[in-house]
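A structural walkthrough
Chain by chain, the residues:
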Amino acid sequence: VARRHIDYHMQQFGYDKPNVEFVEGYIERLGEAGLQDGSYDIIISNCVVNLSPDKKAVLREAFRVLKPGGEMYFSDIYADRPVPQELKKSKALWGECISGALEWRELMQLATEVGFAPPVLVKSTIYASEDPVIKNLRATCGGVRFCSATYRLFKPDDDSAAPSSRDPLMEVQYKGTIKGY
């Protein structure tokens, strides 16, 4: 689908040749798709990370192929606590990006472990609890709350800028008046 629109975007933005490349493969094995170390400025992903059972491998591969100063810009589904193991067995919930949802803290930990600077939240939308489908989902998932979030991960320009494993992770907690959040 994306390849069909390359010419349109070249015309809209005044490019003589494409400035994007679409690669098909497994995101946790980018080397098999021919992606070389330090060769990309940006990786854009939309709801792919949580479909992988090995999120650390996904982030490690993204870090490997990005140039210093490069960025991974991605949206995914996140959970406020670990998704129960019995739900991870559901193919339907995997397909809905629920079973593979990362917990917020897990993303922070994995990103810094592989060498990224701490994640930068761009936007998040909590799944509305008034929606009957979401109410049923929360009941099915043992009360886990889900949201869609977009993050930016940056590969530091040099090793001295990389966070150490001893750096504390920062967390923001909402203490407002909306019940349940």
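Residues numbered from 1 in each chain as written. Predicted model: local features only at pLDDT ≥ 70, side-chain atom pairs only at ≥ 80, totals over all residues. Heavy atoms only, no water.

Some words on the overall build of the protein
Worth spelling out the cut-off: Only DSSP runs of H or I reaching four residues or more are called helices, and only runs of E reaching two or more are called strands; each is numbered from the N terminus. When a residue's accessible area, from a 1.4 Å probe over protein chains only, is under 20% of the maximum for its type it is buried; when over 50% it is exposed; and in between it is partly exposed. Working rule for contacts: check all heavy atoms of both residues, and any pair within 4.5 Å makes them a contact.
For the protein, the count of helices and strands is 5 helices and 5 strands. Ordered by position in the sequence, the α and β elements of the protein form the string α-β-α-β-α-β-α-β-α-β. Of all 181 residues assigned to the protein, the portion counted as buried reaches 34%. In the protein, the proportion of contacts linking residues at least 24 apart, taken out of those at least 6 apart, comes to 75%.

Details of the confidence of the model for the protein
This is how it is decided: The predictor rates its confidence in each residue with pLDDT, a number between 0 and 100.
When pLDDT is averaged along the protein, the result is 82; 81% of the residues meet or exceed 70. The least confident element of the protein, judged by mean pLDDT, is helix H5 (residues 132–140) at 67; the most confident is helix H2 (residues 55–65) at 96. This stretch, residues 162–168, has a pLDDT under 50; its non-local contacts, to residues over four places away or in other chains, come to 7 contacts.

Let's talk about the side chain of Lys155
What counts here: By the counting scheme adopted, Arg and Lys are positive, Glu and Asp are negative, and His together with the chain ends is not counted. Salt bridge criterion: a side-chain nitrogen from Lys or Arg within 4 Å of a carboxyl oxygen from Asp or Glu.
Within the secondary structure, Lys155 sits in the segment after strand E5 (146–154). The side chain of Lys155 sits in the buried core without any salt bridge; Asp37 is the nearest counter-charge, 7.8 Å away. Here Lys155 is in contact with Phe63, Arg64, Leu66, Lys67, Pro68, Gly69, Gly70 and Phe116, once residues within four sequence places are set aside.

Considerations on the pattern of salt bridges
With the rule as written, the count across this model stands at 9 salt bridges. We note a salt bridge from Arg105 to Glu103, for which the minimum N-O separation is 2.7 Å. Classification of Glu103 as buried rests on a relative accessible area of 16%. Residues joined by salt bridges that share partners form a network here, namely Asp37, Glu61 and Arg64.

Remarks on H2
Here H2 has its buried residues at Lys55, Ala57, Val58, Leu59, Glu61, Ala62 and Val65. Buried residues along H2 sit in contact with strand E1 (40–46), strand E2 (66–79), helix H3 (91–95), strand E3 (102–103), helix H4 (104–114) and E5.

Points about H4
Of the residues making up H4, those classed as buried are Leu107, Met108, Leu110, Ala111, Thr112 and Val114. Downstream of H4 by one or two residues, Gly115 has phi in the positive range, about 120°.

Comments concerning the packing of H2 against H4
Just so we agree on the cut-off: A fitted line through C-alpha atoms represents every axis, and for helices the fit uses only the stretch in contact; the resulting angles, taken between N-to-C directions, go from 0 to 180 degrees. Each angle is binned into one of four classes, with values under 35 degrees roughly parallel, values over 145 roughly antiparallel, values of 65 to 115 roughly perpendicular, and all other values oblique. The hand of a helix crossing depends on one turn: near helix anticlockwise from the far one by less than a right angle means left-handed, and clockwise means right-handed. Three residue categories are used. Nonpolar comprises Ala, Val, Leu, Ile, Met, Phe, Trp, Tyr, Cys and Pro, charged comprises Asp, Glu, Lys and Arg, and polar comprises the others, including Gly.
One can describe the packing of H2 onto H4 by two numbers: an axis separation of 9 Å at closest approach and a directional angle of 40°. For the element pair H2 / H4, the angle class is oblique. When the axes of H2 and H4 are compared, the crossing they make is right-handed. Across from Lys55, Lys56, Leu59, Arg60 and Phe63 in H2, the residues of H4 making contact are Leu107, Leu110, Ala111, Glu113 and Val114. When the residues that make up the contact of H2 with H4 are grouped by side-chain class, the tally is 6 nonpolar, no polar and 4 charged.

Observations concerning a nonpolar patch on the surface
Going by this rule: Two joining distances apply to patches: 9 Å for like charges and 5 Å for nonpolar side chains (Val, Leu, Ile, Met, Phe, Trp, Tyr), and every residue must have over 30% relative accessible area and no salt bridge. The Shrake-Rupley method, run with a 1.4 Å probe sphere, supplies the accessible areas, and residue values consider only the shown protein chains as cover.
Judged by side-chain polarity, Ile42, Ile44, Tyr73 and Val122 come together as a nonpolar surface patch covering roughly 360 Å² of accessible area. Take Tyr73: it is sitting in strand E2. Relative accessible area serves as the criterion here: at 30%, Tyr73 is assigned to the partly exposed category.

A few points about the packing of aromatic side chains
Heads up, the rule is: Only rings of Phe, Tyr and Trp enter the pairing, Trp through its six-membered ring, and a pair is recorded when the two centres are within 6.5 Å. The plane angle decides the type: under 30 degrees is stacked, over 60 is edge-to-face, the rest tilted.
Scanning all chains against the criterion turns up 5 aromatic pairs. Ring centres of Tyr78 and Tyr151 lie 5.5 Å apart, and the angle between their planes is 75°; on these two criteria the pair is classed as edge-to-face. Residue Tyr78 is found in strand E2, and its partner Tyr151 is found in strand E5; the two are separated by 73 residues along the sequence. Take Tyr78: its relative accessible area is 1%, and that puts it in the buried class.

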